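Report on the structure
Okay, here's what each chain looks like letter by letter:
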Amino acid sequence: MAFPADLRSCQVLGLAGTAFLALGGETAGALPVRDLLAPASAQAALGLVGVYFGVVLLTAAWALLGRLVRGPRPPTPRALLLVLAVWAAPLLLAPPLFSRDVYSYLAQGAMVDAHMDVYAGGPDRLGGPLSDEVAPMWRHTGAPYGPAFLAVASALSGFTRGELPAGLIGMRLVALLGVALMAVALPRLARLSGADPAAALWLGALNPLVLLHLVAGAHNDALMLGLLGLGLVAAGRRPAVGAVLVTLAALVKAPAALGLLAVVALRVRSGRPPLPAVLTTTAAAVATTVAATAAAGTGYGWIGALDTPVSPHNWALSILLGRATGALLTRLDSGLAPLAVPAWHLFGLAVTAVAVLLIWVRLRPRPVYALGLSLLAVAVLGPAIRPWYVLWGLFLIAAAAPSAPVRHRVAALAGVLALAVLPSGGPADLEQLALAVSGGVLGLVVLWQAHQAAQAPVPGRTA
């Protein structure tokens, strides 16, 4: 966009975007089963157009805000936090968007609250209305989350007494807490890494993926990233506290465990000998894991459930290659066809491990940046990928990227992925794809008209 922008116009444009998102989600979002509309209905179609219209407006507002951040008088971090609050406000009471995972969280919390083994079976064992809300793919699958998150979900289940509307609001508040922790940590991590705090906030907290998937989708990745960010901030001066917080992040979702490498590296960089740094960090992590697991009462089934996201139905590079190889072997009447997906899965894990190792060998003096690239590699090369997984690495790359071109590439990736999922969280057919494209094109037309109006000469004004 070439029309002039100031902070207020960015606020208003982004607010309009999230308002359309919230309104469109009322008919096209990941609604409770009783409220679902047929995708071909007029209301659902209008809602889908409205959601993608809003996504384009929000993305444009974010891009314009990026110009201000890179300009001669960038907004302060405090001003950017206000923009984040304004943009997020319409999404607070909106229905879940872009995923049905929040229903899984609620069902798993109810299972823990009922003293059921959440790792031995899926929400179908719970039965009742909550089980019906879970996406069919995960209804019979054990929880892939750690005891720290399940303790939060269980407490929320007890507090809301299993009421769905209250549970949805509660989970969104938990996600908002995570986003708030991310926003608190980002400027501090940027200063620690010698980067611009305002640029870090713009890329790491205000980007559309955060608002679409962490706020509107209420994903527990927000809590994981918030705890991880605070842990890395604390690791410089209070390494034991940093190790505890990073371990708690890993006990929400396992990929955050890579953050313990950064805790050790930060301790060594501050002058601590390597062996004591490793031993004390490991001791703090083990003690935190034992205490959190005992407090949650879930047992250690979460260790065996770490491969839960691995499914032949997932979209991941290794899965796609496995399917293609399996189809080819089937046509050749080979008995090896069933082994194709597992083989590519193991190969993908090996490639991911090698990539992470190379990153740390090369970037060990820059632990926050190395961790960001490592988590991005895990998200992209791992056995399952979702658009919000990219935030694992993007969050830290925003704070520690060594150059503007790196930030620009990551920002472009975030902008593209913002358009990658339907608001219902389900697969797209051609009709829905056409409606989504129509909403996006409508947004571009409106932005172009605004640009033309801004460029038109005002009557009576001289050059």
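**Considerations on the side chain of aspartate 101**
Structurally, aspartate 101 is set in helix H4 (residues 101-113). One buried charged side chain, aspartate 101, makes no salt bridge at all; its nearest oppositely charged neighbour is arginine 386, positioned 5.8 Å away. Setting aside anything within four residues of it in sequence, one finds aspartate 101 in contact with Trp138, Tyr145, His219 and Trp388.

**Here's the deal with unusual backbone geometry**
Even without being a glycine, phenylalanine 98 presents a positive backbone phi close to 70°. With respect to the element layout, phenylalanine 98 can be found in the loop between helix H3 (77-88) and H4.

**Overview of empty space enclosed by the protein**
Empty space left among the atoms is revealed by rolling a probe the size of a water molecule over them. The full count for this structure, using the stated rule, is two cavities of 30 Å³ or more. Considering only enclosed or pocket space, the largest cavity measures out at about 50 Å³ in volume. If you trace the largest cavity, you find it lined by Leu106, Leu130, Ser157, Thr160, Gly162, Glu163, Leu164 and Gly167. Elements with a contribution of two residues or more to the lining of the largest cavity: helix H6 (147-160) and helix H7 (164-193). Split by residue class, the lining of the largest cavity holds three nonpolar, four polar and one charged. Approximately 40 Å³ is the volume found for the second largest cavity. In terms of residue count, the dominant contributor to the lining of the second largest cavity is H7 (three residues).

**Points about the environment of proline 74**
Within the secondary structure, proline 74 is located in the loop between helix H2 (42-70) and H3. In the structure, proline 74 is positioned 124 residues away from alanine 198 in sequence and 7.7 Å away in space, judged by C-alpha atoms. With near-sequence residues (within four places) excluded, proline 74 lies in contact with Leu68 and Val69.

**What to know about the pattern of salt bridges**
A side chain of one charge can pair with a side chain of the opposite charge when the charged atoms of the two come close. Taken as a whole and assessed by the stated rule, the structure comprises two salt bridges. A salt bridge links arginine 100 to glutamate 133, with the nearest nitrogen and oxygen atoms 3.1 Å apart. A residue pair is termed long-range when its members are at least 10 positions apart, and arginine 100 in the loop between H3 and H4 and glutamate 133 in helix H5 (residues 128-133) qualify at 33 residues. There is no split in this pair, since arginine 100 and glutamate 133 are both buried. We note a salt bridge from aspartate 221 to lysine 253, for which the minimum N-O separation is 3.1 Å. Linking aspartate 221 in helix H10 (residues 221-235) with lysine 253 in the loop between helix H11 (239-250) and helix H12 (259-269), this pair joins segments that are 32 residues apart in sequence.

**With respect to the packing of helix H16 (residues 340-363) against helix H17 (residues 367-381)**
Interhelical geometry of H16 versus H17 gives an angle of 165° and a closest axis separation of 9 Å. Comparing the axis directions of H16 and H17 gives the class roughly antiparallel. The crossing of H16 and H17 is right-handed. For the pair H16 and H17, contact is made by Gly348, Val351, Thr352, Ala355, Val356, Ile359, Trp360 and Leu363 and by Pro367, Tyr369, Ala370, Leu371, Leu373, Ser374, Ala377, Val378 and Leu381, respectively. For the contact of H16 with H17, a count of residues per class yields 14 nonpolar, three polar and no charged.

**Description of the packing of aromatic side chains**
Tallying each qualifying case throughout the model produces eight aromatic pairs. Ring geometry for tryptophan 388 against tyrosine 389: centres 6.0 Å apart, planes inclined by 90°, an arrangement best described as edge-to-face. This pair shows no difference in class: tryptophan 388 is buried, exactly as tyrosine 389 is. Put simply, the rings of Tyr105, Tyr145 and Phe149 touch in pairs and so form one group of aromatic residues.

What counts, and at which threshold
Residue positions are given per chain, counting from 1 as you read along its sequence in written order. Local features in this predicted model are restricted to residues whose pLDDT is 70 or higher, and side-chain atom pairs enter the listing and the counts only when it is 80 or higher, whereas totals over whole chains, interfaces and linings include all residues. Note that the side-chain values use all heavy atoms of the structure and ignore hydrogens as well as water. Helix numbering and strand numbering both begin at the N terminus, where a helix is a DSSP run of H or I of at least 4 residues and a strand a DSSP run of E of at least 2. Accessibility here uses a 1.4 Å probe with only protein chains present; expressed as a share of the type maximum, an area under 20% marks a residue as buried, one over 50% as exposed, and anything in between as partly exposed. Under the counting rule used here, the positive set is Lys and Arg, the negative set is Asp and Glu, and His together with the chain ends is not counted. A side-chain nitrogen of Lys or Arg and a carboxyl oxygen of Asp or Glu constitute a salt bridge if their distance falls within 4 Å. The contact criterion used is simple: two residues touch if any of their non-hydrogen atoms lie within 4.5 Å. Using a 1 Å grid laid over the protein atoms alone, points where a 1.4 Å probe fits but cannot get out form a cavity; open sets with protein on both sides within 12 Å along at least 5 of 7 lines form a pocket; any residue with an atom within 4 Å of a point counts as lining. Grid points are joined across faces, edges and corners, and a volume is the space filled by probe spheres set on the points. The classification used treats Ala, Val, Leu, Ile, Met, Phe, Trp, Tyr, Cys and Pro as nonpolar, Asp, Glu, Lys and Arg as charged, and all other residues, Gly among them, as polar. Every axis in this analysis is a line fitted to C-alpha atoms, fitted for helices over the stretch in contact. Angles between the N-to-C directions lie between 0 and 180 degrees. In this scheme, roughly parallel covers angles under 35 degrees and roughly antiparallel covers those over 145, while 65 to 115 is roughly perpendicular and the rest are oblique. Take the far helix as the reference: if the near one is turned anticlockwise from it by less than a right angle, the crossing is left-handed, and if turned clockwise, right-handed. Only rings of Phe, Tyr and Trp enter the pairing, Trp through its six-membered ring, and a pair is recorded when the two centres are within 6.5 Å. The plane angle decides the type: under 30 degrees is stacked, over 60 is edge-to-face, the rest tilted.

Shape descriptors only; they carry no functional weight alone.
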